[in-house]
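Here is what each chain is made of, one letter per residue.
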Amino acid sequence: MTSDEARILTSFRGTTPFIEVRFRKLDLSDYSYNVIEKYFGFSEQKEVCLKIENFDSYLDNLCRMRLIEIPFDSSLADKTEYERLKIIAYEKYNNNIPIGKRVDYTDKMLLITSFGKDFLAVCIRN
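Here's what I pulled together on the structure shown here. (Residues numbered from 1 in each chain as written. Predicted model: local features only at pLDDT ≥ 70, side-chain atom pairs only at ≥ 80, totals over all residues. Heavy atoms only, no water.)

1. Remarks on the packing of aromatic side chains
The test is simple: We call Phe, Tyr and Trp rings a pair once their centres come within 6.5 Å, taking the six-membered ring for Trp, and we label the pair stacked below 30 degrees between planes, edge-to-face above 60, and tilted otherwise. The secondary structure listing takes helices from DSSP runs of H or I that are at least 4 residues long and strands from runs of E that are at least 2 residues long, numbered from the N terminus. Between buried and exposed lies partly exposed: a residue is buried under 20% and exposed over 50% of the maximum accessible area for its type, with that area taken using a 1.4 Å probe on protein chains only.
Counted under the stated rule, the structure contains six aromatic pairs. Between Phe18 and Tyr39, the ring centres sit 5.7 Å apart and the planes meet at 55 degrees, which makes this aromatic pair tilted. A residue pair is termed long-range when its members are at least 10 positions apart, and Phe18 in strand β1 (residues 16-25) and Tyr39 in strand β2 (residues 33-40) qualify at 21 residues. The same class applies to Phe18 as to Tyr39, namely buried. Relative to Phe119, the ring of Phe115 lies with its centre 6.4 Å away and its plane at 50 degrees, an arrangement referred to as tilted. With Phe115 and Phe119 both in helix α5 (residues 114-124) and four residues apart, the pair spans about one turn of that helix.

Laid out in C-alpha cells, this is it:
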C-alpha cells in the first residue's frame, strides 16, 4: 500500500457518493460510451494525494485489496449530492462534447468494507 492510498483510505467518512462521467451517442439505441472521468466527486480525497494523477489507480488498488467496495448498480437514496456533482461535471465538460455525443452520468457509491475498517484500526490509525 502506498502512502497516498493510506491517506485516501483514512479520509473516507462512511458511504461516499460519486458519479462516473461518460460521453454517449445521441442515438439512445446505441449503448456504447466513452468514460471521461471514472471517479468524479472525490475532491477531499484528491487533496490528500501527493500524486493526484494516480488517484484512479489508487481507488482501483483499494478495491482490489477489498478495503473499499463500489457496489454494482447501487447509489444512495438521497440524490442531492449526485445532482450537485452532475452540475459541476456539466460545467466542466459542456464545452468539450464531441459532435453527435452527449454527457451521461451514472450515480455510484463507495463503502469502506468491514475488512477495511479493521485494517484502518489495526494497521494505519494505531
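That shown, we press on.
2. With respect to unusual backbone geometry
Glycine aside, the phi torsion of most residues is negative, and most peptide linkages are trans. Phi angles above zero are rare outside glycine, and Arg66 is one such case at about 65 degrees. You can see Arg66 is positioned in the loop between α3 (55-64) and β3 (68-69). The class of Arg66 is exposed, set by a relative accessible area of 60%. Phi angles above zero are rare outside glycine, and Asp73 is one such case at about 60 degrees. Considering the arrangement of structural elements, one finds Asp73 in the loop between β3 and α4 (80-93). The exposure class of Asp73 is exposed, given its relative accessible area of 73%.

3. Section: the packing of helix α1 (residues 3-11) against α5
Rules: In this description, a line fitted to the C-alpha atoms serves as the axis of each element, helices being fitted only across the stretch in contact, and the angle between N-to-C directions of two axes falls anywhere from 0 to 180 degrees. Any angle from 65 to 115 degrees is called roughly perpendicular, while one under 35 is roughly parallel, one over 145 is roughly antiparallel, and all others are oblique. Definitions for this section: a left-handed crossing has its near helix turned counterclockwise from the far helix by less than a right angle. A right-handed crossing has that turn clockwise. Only heavy atoms enter the contact rule, under which two residues are in contact if any of them lie within 4.5 Å. Amino acids outside the nonpolar list (Ala, Val, Leu, Ile, Met, Phe, Trp, Tyr, Cys, Pro) and the charged list (Asp, Glu, Lys, Arg) are all regarded as polar, and Gly is one of them.
Following both chains from N to C, one finds α1 and α5 inclined at 120 degrees, their axes separated by 11 Å at the closest point. Regarding the angle of α1 to α5, the classification is oblique. For the pair α1 and α5, the crossing hand works out as left-handed. Residue-level contacts link Ala6, Leu9 and Thr10 of α1 to Phe119, Leu120 and Ile124 of α5. Broken down by class, the residue content of the contact of α1 with α5 amounts to five nonpolar, one polar and no charged.

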